[in-house]
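# Chain and residue survey
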Amino acid sequence: MIFSSMKKTLLQSFFFYIFVITISFAEIVKKVEVVGNIRVSPETIVLFGDIRLNEDYNSQKINELSKKLYDTNFFSYIEINLSNGILEVTVKENPIIQNLVFNGIKAKKHKEAIKEVIELKEKTSYVEHKLNEDIQKIKSAFRNLGFYFIEVEAYAKKNANNSIDLIYEINKGKRAKIGKIVFIGDKKIKDSKLRGVITSEENKAWKFLSTKKYLNQERIKLDTRLIENFYKSKGYYQVKALATNVLYEEGEGFLLTYNIDSGKRFRFEDVSLKISKSLDENSFVEIAKDLPKLKNKYYSPKKIKKILDKINKLTTKKDLQFINSELIETIKNDKLLVTINVSEGQKYYVERINIIGNSITDDNVIRGELIVDEGDPYSLLLLEKSLNNLKSRNIFAKVNRDIFEGSSPDLKIINVEVEEKATGEIFAGAGVGTSGGTVGGGIKENNFLGRGIKLDANLNISETAIRGRFSVTNPNYNYSGNEISFTAESTKTSKMTEFGYDSTKTGFSLGTSFEQYEDIYISPRISTYYESLSTNDNASKSLKQQEGTYIDTELNYSIIQDKRNRRFQPTEGYRASFDQKLPLYSETPSLLNGLNYSVYHGFGENIIGSIRFYGKAINSISSGDDVKLSERLTLPARYLRGFESGKIGPVDASDYVGGNYVTSLAFNAGLPKLFPNLTNADVSLFIDTGNVWGVDYDDSIDESNKIRSAFGVSVDWHTIMGPLSFSFSEDITSASTDKPESFRFNIGTTF
């Protein structure tokens with residue numbers, strides 16, 4: 001009892017002593033004096049230290065002041081004394097890094113990469129303890145490039161005026177190659193299949209362009225995630241994958257071992273939605289009716305993700321903008337019981353949207369593509385869709401966003417940051433086939449005067465024809481969300497010597513496009529053309545009957561349904577359109593109908609598959625008249641590669657006259673990961689099929705009703721000079737009169 005009382009008394013005395021000592025050292029600051037500073041002004045030091053006159057400063061506040069000044073990295077030594085109301089701050093400034101020197105590194109891109117990751121940069125203060133951290137960052141960056149044996153040393157060379165040159169001595173060493181990859185453990189899946197899942201590759205002579213053969217710790221981490229995701233997609237819910245036994249053998253490279261414990265394979269016991277009472281269950285009926293189909297199917301995260309994506313899409317509806325979904329997975333009798341709880345979450349609104357990085361493009365052009373606006377309910381899904389809209393305009397190199405809390409917890413501030421790029425392009429192209437070639441060129445601008453207006457002028461020349469076209473398009477006229485466009489074009493065909501006729505067609509069109517319903521667009525267009533056809537004795541009887549001049553005014557319209565996940569490089573969804581041309585004034589009226597359908601699907605990260613159908617039919621609606629020569633149909637070159645444009649289908653006296661019907665069915669496999677080092681190159685494999693047939697003006701001419709087909713590879717490459725695209729192709733089936741084309745290229749330069 002006595003001991004306890006004494007202990008209490010001693011503690012009270014101790015705290016009283018500390019309090020008195022602290023108070024006794026407190027003093028009011030009347031004046032601030034700075035000693036030892038050279039570059040940093042006294043006013044700046046006062047600002048950084050948040051020093052306030054006529055306030056008490058004790059030892060604790062002086063320690064806090066010292067810490068604030070050290071945190072600026074401007075000083076290597078700080079001493080603070082307070083006496084007689086004068087706060088004396090003595091400092092020794094860190095030297096300034098005048099130059100960074102990287103000995104042993106020649107490639108400019110590597111030097112720039114180092115400057116990105118290190119903290120000690122030119123024109124900043126040299127802080128000695130940060131140097132070791134930067135050395136480790138450099139080693140890590142180069143090891144990720146395969147330079148596993150890199151050595152880095154650094155020292156400071158003193159200059160005048162308290163500055164230094166920071167010199168790095170770097171010996172990259174040889175790049176560490178993967179000699180062999182093995183898979184061990186309870187893997188249940190063949191090695192050959194697993195090798196196709198991971199990104200790392202064994203070093204082989206033919207892989208001289210690949211960087212995946214080099215040892216890379218970040219890639220190995222990615223591989224383990226890919227392996228686990230692959231197993232989970234097969235139902236192995238509890239799979240574990242580890243990269244172990246990374247051993248080096250001289251002359252053989254590294255042995256990379258993946259240890260896999262696949263565990264049991266699970267099926268779905270049940271998948272159900274649990275809807276909060278505050279929400280309308282009728283909104284979720286379409287989703288819920290598909291859930292019973294998953295019962296007893298093997299577990300796959302992709303199947304669950306599709307359900308969650310459908311729920312997220314509901315947030316675009318007015319009454320469901322703030323719903324949250326929570327996934328609960330429970331193991332029950334070697335099966336998985338999945339419950340998705342859907343409830344009404346916290347309501348957030350957009351307080352402000354800041355546009356950053358646009359020096360040329362008007363703010364209104366960017367804001368016009370945003371589906372969300374200031375004051376709207378905040379929706380991440382609509383924001384991402386807005387960013388995809390911006391990307392699809394093809395006027396920005398990068399489009400990013402940051403989201404911050406606003407002036408209150410229920411408000412969001414969105415920063416949309418863009419990086420502008422060259423939007424003008426001067427281009428040229430050529431095709432080489434069995435009957436000669438075609439050349440063409442033009443100029444494009446996708447962001448005229450920074451207003452998002454598109455200009456396109458081009459000219460194509462072949463042995464018998466010259467085609468010129470000029471168009472201007474405003475994708476968001478008056479920021480209404482509606483597109484408006486104008487086109488003027490002219491085509492002159494000279495075949496008088498060979499086939500007995502010349503023709504000219506000149507005209508213009510004015511059109512618009514707008515979203516009538518969700519994902520459904522209407523595109524009407526009015527066009528007027530003047531056409532003349534002259535013949536000589538070499539012309540066929542049918543052509544002589546069409547000789548003369550014509551003026552036609554037509555209404556063209558399209559109804560489009562666009563369900564692609566994004567307009568720019570889509571990976572899922574489809575786009576369907578129906579087109580029709582109706583004559584308003586014509587001496588030889590005809591009716592044109594067309595159907596265009598494209599569907600996209602991603603097969604993992606390595607393949608983006610697409611199928612495209614194109615079909616058109618034109619027939620005269622005036623008794624006794626045939627479809628004019630200029631209106632007969634040909635397949636555009638992009639729909640049937642491997643053949644010269646306009647050189648398939650019915651032939652009249654060696655002249656390709658086009659048909660009344662055209663169709664095309666194309667299969668395309670995009671390979672975005674084929675050349676990982678060439679991030680600006682898109683490689684695709686394709687099989688194109690098509691047909692042009694039908695001759696209404698002469699029954700004696702072969703209709704040429706035959707399926708044409710070709711396969712090949714195409715490359716779209718954004719080089720330093722500008723865009724370059726080319727394709728190699730080989731025809732599979734063709735008619736005897738068709739003209740194959742094995743190679744086509746287009747090259748341009750940007751401005």
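As a starting point, this report considers the structure included with it. (Residues numbered from 1 in each chain as written. Predicted model: local features only at pLDDT ≥ 70, side-chain atom pairs only at ≥ 80, totals over all residues. Heavy atoms only, no water.)

## A closer look at the overall build of the protein chain
The number of helices and strands found in the protein chain is 13 helices and 35 strands. Seen through its C-alpha atoms, the protein chain measures out along the principal axes to roughly 130 × 70 × 65 Å. By residue count, 38% of the 751 residues in the protein chain fall in the buried class. Contacts in the protein chain between residues at least 24 apart in sequence constitute 57% of all its contacts with a sequence separation of at least 6. Total accessible area on the protein chain stands at roughly 41,900 Å², and carbon and sulfur atoms take up 53% of it. Taken as two groups, the 101 positive and 98 negative side-chain charges of the protein chain have centres that lie 6 Å from each other. (Helix = DSSP H or I, 4+ residues; strand = E, 2+ residues; numbered from the N terminus. Buried < 20%, exposed > 50% of the residue type's maximum accessible area, 1.4 Å probe, protein only. Contact = heavy atoms within 4.5 Å. Areas by Shrake-Rupley, 256 points an atom, 1.4 Å probe, with all protein chains shown as cover. Lys, Arg positive; Asp, Glu negative; His and termini not counted. Charge placed at Lys NZ, Arg CZ, Asp CG, Glu CD.)

## What to know about the sheet that holds strand β7 (residues 151–158)
Pairing between sheet strands relies on hydrogen bonds along the backbone, with the strands arranged either parallel or antiparallel. Read from one edge to the other, the open sheet built from three strands follows the order β6-β8-β7, with strand pairing classed as mixed. Here the strands that pair on one side only, and so sit at the sheet edges, are β6 (96–103) and β7. Strand-to-strand twist across the sheet, computed as the mean angle between neighbouring axes with direction ignored, equals 20 degrees. Pairing of β7 with strand β8 (residues 163–171), which is carried by eight bridges, proceeds in the antiparallel orientation. From the neighbouring strand, V152 faces β8, where its bridge partner is I170. Of the strands in this sheet, β7 and β8 are in contact with helix α5 (residues 128–143), which crosses β8 at around 35 degrees. (Pairing = 2+ DSSP bridges. Axes fitted to C-alpha atoms, helices over the stretch in contact; angles between N-to-C directions.)

## Points about the sheet that holds strand β17 (residues 411–420)
In spatial order, the strands read β15-β17-β16; together these three strands make up an open sheet with mixed pairing. Across the chains shown, the open sheet's two edge strands, defined by having one partner strand only, are β15 (349–356) and β16 (396–405). Going across the sheet, the axis of each strand differs from the next one's by a mean of 20 degrees, ignoring polarity. With nine bridges connecting them, β16 and β17 associate as antiparallel partners. Bridge assignment links F404 to a residue of β17, and that residue is I413. The sheet strands contacting helix α11 (residues 380–392) are β16 and β17, and the helix crosses β16 at an angle near 160 degrees.

## Remarks on the side chain of S577
In this fold, S577 is placed in strand β26 (residues 573–585). When near neighbours in sequence (up to four residues on either side) are disregarded, S577 contacts I559, I560, G594, L595 and N596.

## As for empty space enclosed by the protein
Taken as a whole, this structure holds one cavity of 30 Å³ or more when the rule is applied. As for the largest cavity, its lining consists of 13 residues, and the residues nearest its centre are L635, E644, S645, G646 and I648. (1 Å grid on protein atoms, 1.4 Å probe; cavity = no way out; pocket = protein on both sides within 12 Å on 5 of 7 lines; lining within 4 Å. Points joined across faces, edges and corners; volume = space filled by probe spheres on them.)

## Thoughts on helix α7 (residues 217–233)
Each full turn of the α-helix corresponds to 3.6 residues, which orients residues three or four apart in the same direction. Over its 17 residues, α7 extends 24 Å from the first C-alpha to the last, a length consistent with the 24 Å expected when each residue adds 1.5 Å. Within the sequence span of α7, burial applies to R219, I220, D223, T224, L226, I227, F230 and Y231. With its buried residues spanning 165 degrees around the axis, α7 presents them on a single face. The distance from a side-chain oxygen at the start of α7 to the backbone nitrogen of E218 is 2.9 Å, and the residue carrying that oxygen is N216. The first or second residue beyond α7 is G235, which carries a positive phi of 105 degrees. (Expected span 1.5 Å × (residues − 1). Arc of directions from axis to C-beta. Polar contact = N/O pair within 3.5 Å; in protein donor to acceptor, adjacent residues only side chain to side chain.)

## Considerations on the pattern of salt bridges
As enumerated under the stated definition, the model contains 32 salt bridges in all. Taken together, the salt bridges that share partners define one network made up of E531, D552, E554, K581, K628 and E631. (Salt bridge = Lys/Arg side-chain N within 4 Å of Asp/Glu carboxyl O.)

## Remarks on the packing of aromatic side chains
Going through the model one piece at a time under the given rule, you end up with 20 aromatic pairs. Considering the side-chain rings of F183 and Y258, the 5.7 Å spacing of their centres and the 20 degrees angle between planes classify their relative orientation as stacked. Of this pair, F183 sits in strand β9 (residues 178–186) while Y258 sits in strand β11 (residues 253–261), placing them 75 residues apart in sequence. Considered together, F183 and Y258 belong to a single accessibility category, that of buried residues. (Phe/Tyr/Trp six-rings, centres within 6.5 Å; stacked < 30°, edge-to-face > 60°.)

## Details of a positive patch on the surface
Residues K193, K234, R265, R267, K302 and K306 make up a contiguous surface patch of positive charge. Tracing the sequence through the fold places R265 in the loop between β11 and β12 (267–275). (Patch = residues over 30% accessible without salt bridge, like charges linked within 9 Å, V, L, I, M, F, W, Y side chains within 5 Å.)

## Concerning a nonpolar patch on the surface
A cluster of nonpolar residues, I559, F578, L595, Y597, I611, F613, L665, F667, I687, F711 and I732, forms a patch on the protein surface that exposes about 900 Å² of accessible area. Of all elements in the fold, only β27 (590–603), β28 (607–620) and β31 (661–670) reach the threshold of two or more residues within the nonpolar patch. Take I732: it is sitting in strand β34 (residues 723–733). Overall, the relative accessible area of 48% leaves I732 in the partly exposed class.

## Details of helix α3 (residues 59–71)
The end-to-end C-alpha distance of α3, which contains 13 residues, comes to 18 Å, matching closely the 18 Å that a straight helix rising 1.5 Å per residue would cover. Along α3, the residues classified as buried are I62, L65, S66 and L69. The buried residues of α3 occupy an angular sector of 100 degrees when the element is viewed end-on, so they sit on one face. Along α3, exposed side chains directed more than 90 degrees from the buried face belong to Q60, N63, K67 and D71. Check the buried side of α3 and you find it contacts α2 (42–49), β3 (56–57), β4 (75–83) and β5 (86–93). Here α3 starts with a cap whose side-chain oxygen sits 3.1 Å from the backbone nitrogen of Q60, and that cap is N58. Two residues or fewer past α3, N73 is found with a positive phi of approximately 70 degrees.

## A word on the nonpolar core
Counting 22 residues, the largest nonpolar core has L273, F284, I307, I311, I323, I340 and V342 as its most contacted members. Contributing elements (two or more residues each) for this core: β12, α9 (301–313) and β14 (335–344). Formed by 21 residues, the second largest nonpolar core is a distinct cluster that contains V239, L256, Y258 and I260. (Core = buried A, V, L, I, M, F, W, Y, C linked by side-chain atoms within 4.5 Å.)

## Quick look at the environment of A156
Note that A156 resides in strand β7. With 459 residues separating them along the chain, A156 and G615 place their C-alpha atoms 71 Å apart. For A156, the residues in contact, after removing those within four places along its chain, are Y126, I164 and D165.

## What about the environment of E351?
Along the chain, E351 falls in strand β15. Of the residues examined, E351 reaches a relative accessible area of 27% and is grouped as partly exposed. In this structure the C-alpha to C-alpha distance between E351 and E405, which are 54 residues apart in sequence, comes to 9.1 Å. Those residues in contact with E351, other than ones at most four positions away along the chain, are E374, G406, S407, L411, K412 and I413.

## Quick word on unusual backbone geometry
The phi torsion at N54 lies on the positive side, around 65 degrees, for a residue other than glycine. With respect to the helices and strands, the residue N54 is situated in the loop between α2 and β3. The exposure class assigned to N54 is exposed, which follows from its relative accessible area of 55%. Backbone geometry at D334 places phi at a positive 60 degrees, although glycine is not the residue there.

## A short note on the packing of α2 against α3
Relative orientation of the contacting elements α2 and α3 amounts to 115 degrees, with a least axis distance of 8 Å. With respect to their mutual orientation, α2 and α3 come out roughly perpendicular. Here α2 runs over α3; the crossing is right-handed. The segment α2 lies against α3, with I45, F48 and G49 engaging L65, K68 and L69. Taken together, the residues of the contact of α2 with α3 break down into four nonpolar, one polar and one charged. (Parallel < 35°, antiparallel > 145°, perpendicular 65-115°, else oblique. Left-handed = near helix turned anticlockwise from the far one by under 90°. Nonpolar A, V, L, I, M, F, W, Y, C, P; charged D, E, K, R; others polar.)

Any link to function would need more than the numbers given here.
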